[in-house]
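# Architecture and fold: a report
Spelled out from the first residue to the last, the chains are:
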Amino acid sequence: MSAPLTQRLSATPRGARLARHFTLNQLQAWGIPYGSDVSEAVAVIVAELAANAVIHGRVSGRDFELRLSLPAGSVRIEVSDTLTEQRPPKPGDVRHPEPLDEHGRGLVLVEALASRWEVLDREPPGKTVRAEVDLPGWLSLGGR
């Protein structure tokens, strides 16, 4: 199995942009081509989860964490923040925004693009949103 990428990033818009950049570079290093369906889906999921960590999960002076790994047959994305009090809805409970709403589409995109996702408690305090995107045609990547 390929080594996972774990990166702590500042809970700022710049940190969220860097999360997406690190993700695309890591996927390329794992042999998942830039611009492929999997690469695009994972990049959108990371961008949305990182933005949520910065906007909704920010605790002053604390970073958020991005972790990418390749369990058999998928790309796993984990974005953790240190705010325990505010939790996103569970899979299947995501509210679809009205057409003119300016916010509220991030988890709708995650739910649409991820093969599966969940919200987990985290130690030390906080939460992790984990999403996976299946790798059809690349099932042997983890064994490289």
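Above this note sits the structure.
Reference entry: report on the structure contained in this document. Model, not experiment: these values are computed from the prediction. (Residues numbered from 1 in each chain as written. Predicted model: local features only at pLDDT ≥ 70, side-chain atom pairs only at ≥ 80, totals over all residues. Heavy atoms only, no water.)

### A few points about the side chain of T128
Mapped onto the secondary structure, T128 falls in strand β5 (residues 127-134). Of note is the side chain of T128, whose polar atom sits 2.6 Å from the side chain of S80. (Helix = DSSP H or I, 4+ residues; strand = E, 2+ residues; numbered from the N terminus. Polar contact = N/O pair within 3.5 Å; in protein donor to acceptor, adjacent residues only side chain to side chain.)

### Focus on the sheet that holds strand β3 (residues 74-81)
Within the open sheet, the five strands sit side by side as β1-β2-β3-β5-β4. Their pairing is antiparallel. The open sheet has two edge strands, β1 (5-9) and β4 (116-121), and neither has a second partner. Sheet twist, expressed as the mean angle between neighbouring strand axes with direction ignored, is 15°. Relative to the sheet, helix α2 (residues 37-55) contacts β2 (64-69), β3 and β5, its axis offset from that of β3 by approximately 10°. (Pairing = 2+ DSSP bridges. Axes fitted to C-alpha atoms, helices over the stretch in contact; angles between N-to-C directions. Contact = heavy atoms within 4.5 Å.)

### A look at the environment of V119
Looking at the secondary structure, you find V119 in strand β4. As a C-alpha pair, V119 and V129 span ten residues in sequence and 4.5 Å in three-dimensional space.

### Side note on the pattern of salt bridges
All told, the structure shown has eight salt bridges when counted by the stated rule. For the salt bridge of R67 with E78, the shortest nitrogen-to-oxygen distance reads 3.5 Å. Of this pair, R67 sits in strand β2 while E78 sits in strand β3; the two residues are eleven residues apart in sequence, bridging distant segments of the chain. Judged by its relative accessible area of 33%, R67 is partly exposed. One salt bridge connects E118 with R130, and the closest N-O pair in it is separated by 3.2 Å. Of this pair, E118 sits in strand β4 while R130 sits in strand β5, and the two are twelve residues apart along the sequence. Note on R130: relative accessible area 22%, which makes it partly exposed. Linked by salt bridges that have partners in common, R67, E78, E118 and R130 make up one network. (Salt bridge = Lys/Arg side-chain N within 4 Å of Asp/Glu carboxyl O. Buried < 20%, exposed > 50% of the residue type's maximum accessible area, 1.4 Å probe, protein only.)

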